[in-house]
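Listed below are the residues making up each chain.
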Amino acid sequence: MFERLITLINEDNLNKLKKANILIVGLGGVGGYALETLVRSGIHNLTIVDGDVVELSNLNRQIISKQSVIGKPKALVAKERALEISPEINLKVINEFITNDNFSLLNIDSYDYVIDACDDLNLKMLLIKNADKYKLISSMGTANKMDMTKFKITTIDKTSYDPLAKIIRKKIKDEKIKTKFKVVSSDEKVIKNGTKLGTIAYMPATSGLLCASYVINDIIKTISN
């Protein structure tokens, strides 16, 4: 299935992708697209984590969602989809909400890369605090924005017009966290439309694709660290 990929990156680089061990935390709009891309790009060893179920409101932006799986656990739906694409992958599933109390379930020392695609601030901070153990790329906010060209892979200190990144910057400063990690963030100004968060399909998708592209390119070293 990887003939065209091998043409692009060669067999040696495909083998590098197969050897890497990747954790994806969160399987919503961002994480679902990250998983899809990694599976279709030769990543073999994956662990996926989400304790939520598919809801009707997910249909507008989450690639794993469809009418027939509403109410089913996202982690199990994502597993089925991934294995239908590439049955040979080594896929581990954690169908749990992760907190400080059960963080050890992740076996966090075993990963080369972690994609933080969750919307739980406390869990994001746990992943950031442990980012000296792996290469972390963390998705920042995608809601109330519509210009996908404003996304970039950067570091948390270089983010702007991103409310979630602003909160995380303050927490990192307050807690004196020194760990370096990458983020995907949009510097588009937030569209103000009341207190509710609005999302269009391609915004979280773009963030997920960028998270996956960072991991893939870093493994085969076609972009700088």
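Rules and cut-offs
- Residues numbered from 1 in each chain as written.
- Predicted model: local features only at pLDDT ≥ 70, side-chain atom pairs only at ≥ 80, totals over all residues.
- Heavy atoms only, no water.
- Helix = DSSP H or I, 4+ residues; strand = E, 2+ residues; numbered from the N terminus.
- Rg over C-alpha atoms; globule rule 2.2 N^0.38 Å.
- Buried < 20%, exposed > 50% of the residue type's maximum accessible area, 1.4 Å probe, protein only.
- Contact = heavy atoms within 4.5 Å.
- Areas by Shrake-Rupley, 256 points an atom, 1.4 Å probe, with all protein chains shown as cover.
- Lys, Arg positive; Asp, Glu negative; His and termini not counted.
- Charge placed at Lys NZ, Arg CZ, Asp CG, Glu CD.
- Pairing = 2+ DSSP bridges.
- Axes fitted to C-alpha atoms, helices over the stretch in contact; angles between N-to-C directions.
- Polar contact = N/O pair within 3.5 Å; in protein donor to acceptor, adjacent residues only side chain to side chain.
- Parallel < 35°, antiparallel > 145°, perpendicular 65-115°, else oblique.
- Left-handed = near helix turned anticlockwise from the far one by under 90°.
- Core = buried A, V, L, I, M, F, W, Y, C linked by side-chain atoms within 4.5 Å.

1. What to know about the overall build of the protein chain
A count of helical and extended segments in the protein chain gives seven helices and seven strands. Counting from the amino terminus, helix and strand elements in the protein chain follow one another as α-α-β-α-β-α-β-β-α-β-β-α-β-α. Over its C-alpha trace the protein chain gives a radius of gyration of 17 Å, about what one expects of a compact globule, namely 17 Å for 225 residues. Each principal axis of the C-alpha distribution contributes one length, and for the protein chain these read about 45 × 40 × 40 Å. When each of the 225 residues of the protein chain is scored for burial, the buried share is 48%. If you take every contact in the protein chain between residues at least 6 apart in sequence, the share linking residues at least 24 apart comes to 69%. Of the roughly 11,600 Å² of accessible surface on the protein chain, 51% is carried by carbon and sulfur atoms. Considering the protein chain, the positive charge centre built from 33 side chains and the negative charge centre built from 26 side chains are found 6 Å apart.

2. Examining the pairing of strand β5 (residues 135-139)
Here is the key point about a regular strand: its side chains alternate between the two faces of the sheet. The element β5 is extensively covered by neighbouring structure, given that four of its five residues are classed as buried. Sheet analysis places strand β4 (residues 113-116) next to β5, joined by four bridges and oriented parallel. Note on β5: the bridge partner recorded for Tyr113 is Lys135. One ladder, built from three bridges, connects β5 with strand β7 (residues 182-186); its direction is parallel. If you follow Ser139 over to β7, its bridge partner there is Val184.

3. Observations concerning the sheet that holds strand β1 (residues 21-25)
Strands sit in the order β3-β2-β1-β4-β5-β7-β6 across an open sheet of seven strands; the sheet is mixed. Either end of the sheet is taken by a strand with one partner, and the two such strands are β3 (90-94) and β6 (151-155). Neighbour to neighbour, the strand axes of the sheet diverge by 20° on average, direction disregarded. Packing of helix α5 (residues 121-129) onto the sheet brings it into contact with β1, β4 and β5, and relative to β5 it is tilted by some 155°.

4. Section: the side chain of Thr206
Topologically, Thr206 is positioned in helix α7 (residues 202-220). Among the polar contacts listed, one links the side chain of Thr206 to the backbone oxygen of Tyr202, at a separation of 2.5 Å. Residues contacting Thr206, with those up to four places away along its chain left out, are Met148 and Phe151.

5. Considering the packing of helix α2 (residues 11-19) against α7
At a closest axis distance of 9 Å, the pairing of α2 and α7 adopts a crossing angle of 120°. Classed by the angle they form, the pair α2 and α7 counts as oblique. Seen along the crossing, α2 lies across α7 with a hand that is right-handed. Facing α2, whose interface residues are Asn13, Lys16 and Leu17, α7 presents Ile216, Ile219 and Ile220.

6. Quick word on unusual backbone geometry
Residues other than glycine seldom take positive phi values, yet Asn144 does so here, at roughly 60°. Phi is positive for Tyr161, which is not a glycine, with a value near 55°. With respect to the secondary-structure elements, Tyr161 resides in the loop between β6 and α6 (163-174).

7. Details of the nonpolar core
The biggest cluster of nonpolar side chains holds 41 residues, and the ones touching the most others in it are Ile22, Leu35, Leu38, Leu46, Ile115, Val215 and Ile219. Listed by contribution, the elements that provide at least two residues to this core are α1 (3-9), α2, β1, α3 (29-40), β2 (45-49), α4 (74-85), β4 and α7. Counting residues per element, this core draws most heavily on α7, at eight residues. When near neighbours in sequence (up to four residues on either side) are disregarded, Ile22 contacts Leu38, Ile43, Asn45, Leu46, Thr47, Tyr111, Tyr113, Val215 and Ile219.

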